[in-house]
Amino acid sequence: MSGAIAAADAEALADAEAFRERVMVPGRPVLLRGAARNWPLLEGGANGVVDALHRFDAGREAEIFVGQAAIEGHYYYDAALTGFNFVREELATREGLRRIAGSAAGPDGETLYMGSLPSERYFPGIERLTPLPFLPDTVLPRIWIGHASNVACHYDMMDNVACVAAGRRRFTLFPPSAIGDLYVGPIDRTLAGQPVGLAVDSAPGDPRYPRFETRRQDALVVELEAGDAIYIPKLWWHKVEALDALNILVNFWWDGFAAGPDRPWAAMLLAMIAIAERPEAERAAWRAWFDHYVFRPGGHPLAFLPEEQHGILGPLADGNYRRIRAAAMQMLRG
């Protein structure tokens, strides 16, 4: 049985501060039904969205995924997990739009997909047609357009608001804690940047993925129509299905809780080379240190002392971000 997803109330969508505190801080996906319903971009329906993309097209080339009829829009690895079941082509964005929109009802079954096109590079100015008052002004949209498709279950390292502009989308979500049960594929040979959960599209009882059987019932499933949106916190796994012949998504990525330019993924990669192959006892020791200083399940590590004695463990905004980063960079330089 799939779980239900929470929905945001109007007050949570009033401004960026309310959205951050009421929607983002809890760290769970939230349905934003109708959040993009009044976008100027949507005034002419799906054809109007395509026309707007042509109108704002900057004339750049983009990558397009091309899948044969046999894959039925399921862009994935090949059977041996050494390659992929689709090909990539480079072509002018305008030509990609023409091919996708022109063949949406075509009989040959070939599927096309152009994704993650930053508006500032490909459609500058189109952000005037996609206003969301609850997002920071610096967050600009990305455009995804294609035929009916099934994008494998993956995660993002940024917070995500995804808005359906044309067609319908079905999202199937799993929490970050499911990572060990999804049978995640290679992190350096991926379909489109992020590793994917290989078990999510498997048939019930597949002997290759026994741990996933305990996770199937944990899925959150929600279907969105044009004008609807969803907030997906970073590291939440999500499979995305485009359900109609022509589908267009507009999404916004940003890190709502960054203290500076350094990303958590970089810290994890460094931890992998510094800790992952040490003896079990030493890994357990470092786990205790990470819990104490980083994850802090027991609260601040110096909570028993006055704040003026916290040193570099004081608030990052008080200059401690710079001090800790300088110390780390000095160590990395040897």
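Please refer to the structure placed before this passage.
Residues numbered from 1 in each chain as written. Predicted model: local features only at pLDDT ≥ 70, side-chain atom pairs only at ≥ 80, totals over all residues. Heavy atoms only, no water.

Thoughts on the overall build of the chain
Then, in step 1: Within the chain, the secondary structure is distributed over seven helices and 14 strands.
Then, in step 2: Counting only C-alpha atoms and orienting by the principal axes, one finds that the chain spans roughly 70 × 50 × 45 Å.
Then, in step 3: Looking at the chain as a whole, 43% of its 334 residues are labelled buried.
Then, in step 4: Considering only contacts in the chain between residues 6 or more positions apart, those separated by 24 or more positions represent 78%.
Then, in step 5: For the chain, the exposed surface amounts to about 17800 Å²; the carbon and sulfur share of it is 55%.
Then, in step 6: The centroid of the 33 positive side-chain charges in the chain is displaced by 3 Å from the centroid of its 42 negative side-chain charges. (Helix = DSSP H or I, 4+ residues; strand = E, 2+ residues; numbered from the N terminus. Buried < 20%, exposed > 50% of the residue type's maximum accessible area, 1.4 Å probe, protein only. Contact = heavy atoms within 4.5 Å. Areas by Shrake-Rupley, 256 points an atom, 1.4 Å probe, with all protein chains shown as cover. Lys, Arg positive; Asp, Glu negative; His and termini not counted. Charge placed at Lys NZ, Arg CZ, Asp CG, Glu CD.)

Quick look at helix α1 (residues 16-24)
Then, in step 1: All of the buried residues along α1 are A18, F19, V23 and M24. Buried residues of α1 fall within an arc of 160° about the axis and therefore sit on the same side.
Then, in step 2: Along its buried surface, α1 packs onto β2 (30-32), β9 (159-166), β12 (229-232) and β14 (247-254).
Then, in step 3: Where α1 begins, the capping side chain belongs to D15, and its oxygen is found 3.1 Å from the backbone nitrogen of E17. (Arc of directions from axis to C-beta. Polar contact = N/O pair within 3.5 Å; in protein donor to acceptor, adjacent residues only side chain to side chain.)

Observations concerning the environment of G205
Then, in step 1: Mapped onto the fold, G205 is located in the loop between β10 (169-174) and β11 (220-224).
Then, in step 2: Overall, the relative accessible area of 52% leaves G205 in the exposed class.
Then, in step 3: For G205, the residues in contact, after removing those within four places along its chain, are E213 and R216.

Considerations on the sheet that holds strand β5 (residues 87-92)
Then, in step 1: Spatial ordering of the open sheet is given by β1-β2-β12-β9-β14-β7-β6-β3-β5, a layout of nine strands whose pairing is mixed. Of all strands in the sheet, those bounded by a partner on one side alone are β1 (6-7) and β5.
Then, in step 2: Pairing between β2 and β12: three bridges, direction antiparallel. Looking across to β12, one finds that L32 is bridged to A229.
Then, in step 3: Sitting on the sheet, α1 is in contact with β2, β9, β12 and β14, with an inclination near 70° to β12.
Then, in step 4: Contacting β3 (61-67), β5, β6 (111-118) and β7 (141-146), helix α3 (residues 93-102) crosses the sheet at an angle of about 115° to β5. (Pairing = 2+ DSSP bridges. Axes fitted to C-alpha atoms, helices over the stretch in contact; angles between N-to-C directions.)

Digging into the packing of aromatic side chains
Then, in step 1: In this structure the tally under the stated criterion is 16 aromatic pairs.
Then, in step 2: Each ring, one from Y75 and one from F86, has its centre 5.6 Å from the other, and the planes form 85°; the classification is edge-to-face. Of this pair, Y75 sits in strand β4 (residues 74-75) while F86 sits in the loop between β4 and β5; the two residues are eleven residues apart in sequence, bridging distant segments of the chain.
Then, in step 3: Through a chain of ring-to-ring contacts, three or more aromatic side chains come together here, namely F65, Y75, Y76, Y77, F84, F86 and Y113.
Then, in step 4: Against the face of F84 rests R88, its NZ or CZ located 5.1 Å from the ring centre. (Phe/Tyr/Trp six-rings, centres within 6.5 Å; stacked < 30°, edge-to-face > 60°. Lys NZ or Arg CZ within 6 Å of the ring centre and 35° of its normal.)

A word on the pairing of β14
Then, in step 1: Among the eight residues of β14, seven are classified as buried, and the element is accordingly described as predominantly covered.
Then, in step 2: Here β9 runs beside β14; their pairing, made up of seven bridges, is antiparallel. From the neighbouring strand, V161 faces β14, where its bridge partner is F252.

A look at the nonpolar core
Then, in step 1: Membership of the largest hydrophobic core comes to 46 residues, with the highest contact counts inside it found for F19, L41 and V161.
Then, in step 2: With five residues, helix α2 (residues 45-56) is the single largest residue contributor to this core.
Then, in step 3: Apart from residues no more than four positions distant in its own chain, V161 is found in contact with F19, L32, L132, F134, L135, A229, I230, Y231, V250, N251, F252 and W254.
Then, in step 4: Membership of the second largest hydrophobic core comes to 39 residues, among which are Y155, A178, F212 and W236. (Core = buried A, V, L, I, M, F, W, Y, C linked by side-chain atoms within 4.5 Å.)

Topic: the pattern of salt bridges
Then, in step 1: Summed over the entire model, instances satisfying the criterion amount to 22 salt bridges.
Then, in step 2: A salt bridge links R98 to E95; the shortest N-O distance between them is 2.5 Å. Of this pair, R98 and E95 both sit in helix α3, separated by three residues, roughly a single helical turn.
Then, in step 3: Residue classification places R98 among the partly exposed positions, given a relative accessible area of 48%.
Then, in step 4: Of the charged contacts in the structure, one is a salt bridge between R170 and E241, with a shortest N-O distance of 3.4 Å. Taken as a pair, R170 in strand β10 and E241 in strand β13 (residues 237-242) lie far apart in primary sequence, 71 residues in all.
Then, in step 5: In the salt-bridge network here, residues are joined through shared partners; they are R168, R170, E223, E241 and D244. (Salt bridge = Lys/Arg side-chain N within 4 Å of Asp/Glu carboxyl O.)

A short note on the sheet that holds strand β8 (residues 149-154)
Then, in step 1: Taken together, the five strands give an open sheet; going across it, the order is β4-β8-β13-β10-β11, and neighbouring strands pair in mixed fashion. Strands with a single pairing partner mark the edges of an open sheet, and in this sheet they are β4 and β11.
Then, in step 2: With five bridges joining them, β10 and β11 adopt antiparallel strand pairing. Within the sheet, the bridge partner assigned to R169 lies in β11 and is L224.

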